[in-house]
Amino acid sequence: MIAISVDERIAAACPQTRIGLVSATVHNGPTSDELWAEIEDAARGIKSQYELLAINQRPAIAATRRLYRALGKDPSRYRVSSEALCRRIIRGLGIYRLTTLIDLVNLVSIKSGYAISGLDRDHIVGDRLTLSVGTASDVYNGIGRGLLNIEGMPVYRDAAGPIATPTSDEERTKFTDQTVNVQININAFGPEMPIQETVDWTVSLLENYACATDIETAIHIP
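Thresholds, definitions, all that
Residues numbered from 1 in each chain as written. Predicted model: local features only at pLDDT ≥ 70, side-chain atom pairs only at ≥ 80, totals over all residues. Heavy atoms only, no water. 1 Å grid on protein atoms, 1.4 Å probe; cavity = no way out; pocket = protein on both sides within 12 Å on 5 of 7 lines; lining within 4 Å. Points joined across faces, edges and corners; volume = space filled by probe spheres on them. Helix = DSSP H or I, 4+ residues; strand = E, 2+ residues; numbered from the N terminus. Nonpolar A, V, L, I, M, F, W, Y, C, P; charged D, E, K, R; others polar. Pairing = 2+ DSSP bridges. Axes fitted to C-alpha atoms, helices over the stretch in contact; angles between N-to-C directions. Buried < 20%, exposed > 50% of the residue type's maximum accessible area, 1.4 Å probe, protein only. Core = buried A, V, L, I, M, F, W, Y, C linked by side-chain atoms within 4.5 Å. Contact = heavy atoms within 4.5 Å. Parallel < 35°, antiparallel > 145°, perpendicular 65-115°, else oblique. Left-handed = near helix turned anticlockwise from the far one by under 90°. Phe/Tyr/Trp six-rings, centres within 6.5 Å; stacked < 30°, edge-to-face > 60°. Lys NZ or Arg CZ within 6 Å of the ring centre and 35° of its normal. Expected span 1.5 Å × (residues − 1).

Draft legend 1. Summary view of the layout of surface pockets. Its volume calculated, the largest pocket comes out at about 740 Å³. Along the walls of the largest pocket sit 25 residues, with Ser81, Ile102, Asn106, Ile143 and Thr167 positioned nearest its centre. Counting residues per element, the lining of the largest pocket draws most heavily on helix H5 (residues 100-112), which supplies five residues. Taken together, the residues that form the lining of the largest pocket break down as 12 nonpolar, eight polar and five charged.

Draft legend 2. Here's a closer look at the sheet that holds strand S1 (residues 3-6). Taken in spatial order, the four strands of this open sheet run S1-S4-S7-S8, and their pairing is mixed. Where the open sheet ends on each side, the last strands, each with one partner, are S1 and strand S8 (161-164). Between one strand axis and the next, the sheet turns by 35° as a mean value, whatever way the strands run. Sheet topology places S1 next to strand S4 (residues 128-133); four bridges connect them, and they run parallel. The residue of S4 that forms the bridge with Ile4 is Leu129.

Draft legend 3. Representation of unusual backbone geometry. Although it is not a glycine, Cys211 sits at a positive phi angle of roughly 50°. Note that Cys211 resides in the loop between helix H6 (195-210) and strand S10 (213-220). A relative accessible area of 53% means that Cys211 is categorised as exposed. Despite not being glycine, Asp214 shows a phi value in the positive range, around 50°. The residue Asp214 is located in strand S10 in this model. Here Asp214 falls in the exposed class, since its relative accessible area comes to 59%.

Draft legend 4. Structural view of the nonpolar core. Within the largest apolar cluster, 39 residues are counted, with the highest numbers of intra-cluster contacts made by Val26, Ile184 and Leu206. Within the residue set of this core, elements represented by two or more residues are strand S2 (18-25), helix H2 (33-49), helix H3 (59-71), helix H4 (81-90), H5, strand S9 (181-188) and H6. Leave out the neighbours within four places in its chain, and Ile184 touches Gly20, Leu21, Val22, Val105, Ile116, Ser117, Phe175, Thr202 and Leu206. Core analysis: the next-biggest nonpolar cluster, separate from the first, contains 19 residues, Leu119, Ile124, Leu131 and Ile163 among them.

Draft legend 5. Spotlight on the packing of H2 against H5. Orientation of H2 relative to H5, taken along the N-to-C sense of each, is 25°, at an axis distance of 10 Å. By the criterion of interaxial angle, the relationship of H2 to H5 is roughly parallel. Along this stretch, H2 crosses H5, giving a crossing that reads as left-handed. Contacts from Leu35, Trp36, Glu38, Ile39, Ala42 and Ile46 in H2 reach Thr100, Asp103, Leu104, Leu107, Ile110 and Lys111 in H5. Residue composition of the contact of H2 with H5, grouped by class: eight nonpolar, one polar and three charged.

Draft legend 6. Up close: the packing of aromatic side chains. Taken as a whole, this structure holds zero aromatic pairs when the rule is applied. The ring of Tyr78 has Lys73 sitting right over it, with the charged end atom 4.0 Å from the ring centre.

Draft legend 7. Local environment of H5. For H5, built from 13 residues, the straight-helix expectation of 18 Å at 1.5 Å per residue is met to within 8% by its first-to-last C-alpha distance of 18 Å. Burial of H5 is extensive: 11 of the 13 residues sit out of reach of the surface. If you check which residues of H5 are buried, you get Thr100, Leu101, Asp103, Leu104, Val105, Asn106, Leu107, Val108, Ser109, Ile110 and Ser112. In the stretch just after H5, Gly113 is the one whose phi turns positive, near 90°.

Draft legend 8. Molecular detail of the sheet that holds strand S3 (residues 115-120). Across the sheet, four strands lie side by side as S3-S9-S2-S10; this open sheet has antiparallel pairing. Each having just a single partner strand, S3 and S10 make up the two edges of the open sheet. Taken over all neighbouring pairs, the strand axes of this sheet differ in orientation by 15° on average, direction set aside. Bridge count between S3 and S9: six bridges; the pairing is antiparallel. Looking at the pairing, Ala115 lines up with Asn187 of S9.

What follows is the structure in structure tokens.
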């Protein structure tokens with residue numbers, strides 16, 4: 001499993017930070033009807049429970065937004081990924097059916113409220129990730145977003161540079177059809193679904209839908 005360290009600026013701004021870690025060998029492929037049914041059920045739950053202007057008050061989303069503000073980033077301009085997913089659902093725009101790994105991570109994010117970094121472990125450089133703060137000089141290509149200004153965002157870095165934020169992961173380490181080894185970081189900057197429960201559920205989904213083996217888990221507390 002990739003080791004994690006957390007910059008003292010993030011730990012000071014958000015002492016409740018907990019990072020659920022899951023690493024596994026998997027099979028990626030088209031999303032099964034069974035997994036998609038779980039996603040549709042979760043989406044119905046969000047749509048029935050929240051109105052659009054209230055979704056940013058979900059505990060996990062609100063905590064991540066507070067961290068953005070503490071670090072100098074506007075969370076309404078650079079939305080947390082879990083918030084963006086839920087907003088699409090509430091607005092009736094739906095969510096895209098992509099691949100097993102992407103949709104599985106989206107399911108956990110929708111249900112838990114946490115922004116989740118889903119990374120192809122074979123494209124991580126080195127054996128450690130550091131959760132630090134983005135700078136103006138960082139070059140970051142968000143998945144499907146192009147060049148993204150991550151100054152003031154919490155950002156995971158490997159030995160080669162930034163690879164994941166709660167707004168968007170980076171193109172370099174994204175899940176693809178060829179992904180066989182995953183590193184999943186569940187970013188809990190404030191409690192909603194219990195973090196151990198979230199980790200355990202993620203593992204169960206990986207086993208059920210992605211044939212996961214060689215599973216390792218941990219919860220990092222800065």
